[in-house]
Every structure is written in structure tokens, then in C-alpha cells.
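# Residue-level structural notes
Here are the chains, one letter per residue:
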Amino acid sequence: MAGEAVEPWVSGSESGYPSDLTDGQWVLIEPLLPAARVGPKGGRREKHPRRRIVDAIFYVVRTGCAWRQLPKGFPPWPTV
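Position numbers for residues count from 1 along each chain, tracking the sequence in the order it is written. Confidence filtering applies because this is a predicted model: local features only for residues at pLDDT of at least 70, side-chain atom pairs given and counted only at 80 or more, and all residues used for totals across whole chains, interfaces and linings. In computing side-chain properties, one takes all heavy atoms of the structure into account and sets aside hydrogens as well as water.

Secondary structure elements are defined from DSSP: runs of H or I of at least 4 residues count as helices, runs of E of at least 2 residues count as strands, and each element is numbered from the N terminus. Counting secondary structure elements, the protein chain contains 2 helices and 0 strands. Across the 80 residues of the protein chain, 26% fall into the buried class. Here a residue-residue contact requires only that any non-hydrogen atoms of the pair lie within 4.5 Å. Sequence separation of at least 24 residues holds for 46% of the intrachain contacts in the protein chain that already meet a minimum separation of 6. Carbon and sulfur atoms make up 58% of the accessible area of the protein chain, which amounts to about 6400 Å² in all. Each residue is placed in one exposure class: buried if its accessible area under a 1.4 Å probe, protein chains only, is under 20% of its type's maximum, exposed if it is over 50%, and partly exposed if it falls in between. We get accessible surface area from the Shrake-Rupley algorithm with a probe of 1.4 Å; when it comes to residues, only the shown protein chains can shield them.

What follows covers the nonpolar core. Within the largest apolar cluster, 7 residues are counted, these being Ala56, Tyr59, Val60, Cys65, Leu70, Phe74 and Val80. With sequence-adjacent residues up to four places away left out, Cys65 is seen in contact with Tyr59 and Val60. Each nonpolar core is a collection of buried residues, namely Ala, Val, Leu, Ile, Met, Phe, Trp, Tyr and Cys, held together in the definition by side-chain atoms within 4.5 Å.

Here we take up a nonpolar patch on the surface. Put simply, a patch holds well-exposed residues, over 30% relative accessible area, that have no salt bridge, with like charges counted together within 9 Å and Val, Leu, Ile, Met, Phe, Trp or Tyr side chains within 5 Å. For salt bridges, the criterion is a side-chain nitrogen of Lys or Arg within 4 Å of an Asp or Glu carboxyl oxygen. Side chains of Ile57, Val61, Trp67 and Trp77 sit close together on the surface and give an oily, nonpolar patch of about 380 Å² of accessible area. Among the secondary structure elements, Trp77 is positioned in the segment after α2 (50-63). With relative accessibility at 35%, the residue Trp77 sits in the partly exposed group.

It is worth spelling out the packing of aromatic side chains at this point. Two rings from Phe, Tyr or Trp (for Trp, the six-membered ring) form a pair when their centres are within 6.5 Å of each other. A pair whose planes differ by under 30 degrees is stacked, one over 60 is edge-to-face, and the rest are tilted. Per the stated rule, a full pass over the model turns up 3 aromatic pairs. Aromatic side chains Tyr59 and Phe74 sit 5.3 Å apart centroid to centroid with 50° between the ring planes, which places their arrangement in the tilted category. Of this pair, Tyr59 sits in helix α2 while Phe74 sits in the segment after α2, placing them 15 residues apart in sequence. Relative accessible area serves as the criterion here: at 6%, Phe74 is assigned to the buried category.

For every residue, the predictor states its confidence as a pLDDT score lying anywhere from 0 to 100. Mean pLDDT for the protein chain: 81, with 80% of residues reaching 70 or above. Taken as a whole, residues 1-13 scores under 50 in pLDDT and shows 16 contacts with residues more than four places along the chain or in a different chain.

All right, on to the environment of Phe58 then. Note that Phe58 resides in helix α2. Look at Phe58 and you get partly exposed, because its relative accessible area is 34%. Sequence spacing of Phe58 and Tyr17 is 41 residues, and the spatial spacing of their C-alpha atoms is 9.9 Å. Discounting chain neighbours no more than four positions away, the residues touching Phe58 are Ser19, Leu21 and Ile29.

With 14 residues, α2 ought to run about 20 Å at 1.5 Å a step, and its terminal C-alpha atoms sit 20 Å apart, in line with that. Those residues of α2 that are buried lie in contact with α1 (23-29). Following α2 by one or two positions, Gly64 has its phi on the positive side, about 75°. Under the convention used throughout, the expected extent of a helix is 1.5 Å for every residue step, that is, one less than its residue count.

Here it is, written out as C-alpha cells:
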């Protein structure tokens, strides 16, 4: 990987961590997530965007930080 250009942060998030998904990566991952529950017997609307939750998971995996030490730009750690 030496000599490769690092792709700049292009996610729609505010924080801009290197572990955040690019738009192209999100297009590939989003269909793999379960559909949001909607309708008369569906659950509540989602409080946090799914992309930010996935970004938080990748942040923890990449940095090795504890869940409780997630930066404030991510959803709360119990949600993630």
C-alpha cells in the first residue's frame, strides 16, 4: 500500500474520521442491513442514521478504543 494516495474523507458525517465509509462503500453496505421497521406494527423511527452507527463500529474496530470512549460525533455507545 506504500505510495497509494489516501482517499479523502467524503462521508456525510460531521467528524470526518479516516475510518468513515465513503459514499461508494456505503452504497455496497446499505443493502446488507435489515430494512427499517415501518407500518402499523413497526417500531419507532430511527433516532440515529444507520451510516453513523456503521461508521462508529468501524471506528472502534480500527482504533481499538473502548465502546464507551466513542467520540461525541457518533451515536451513543449503547446504540452502536
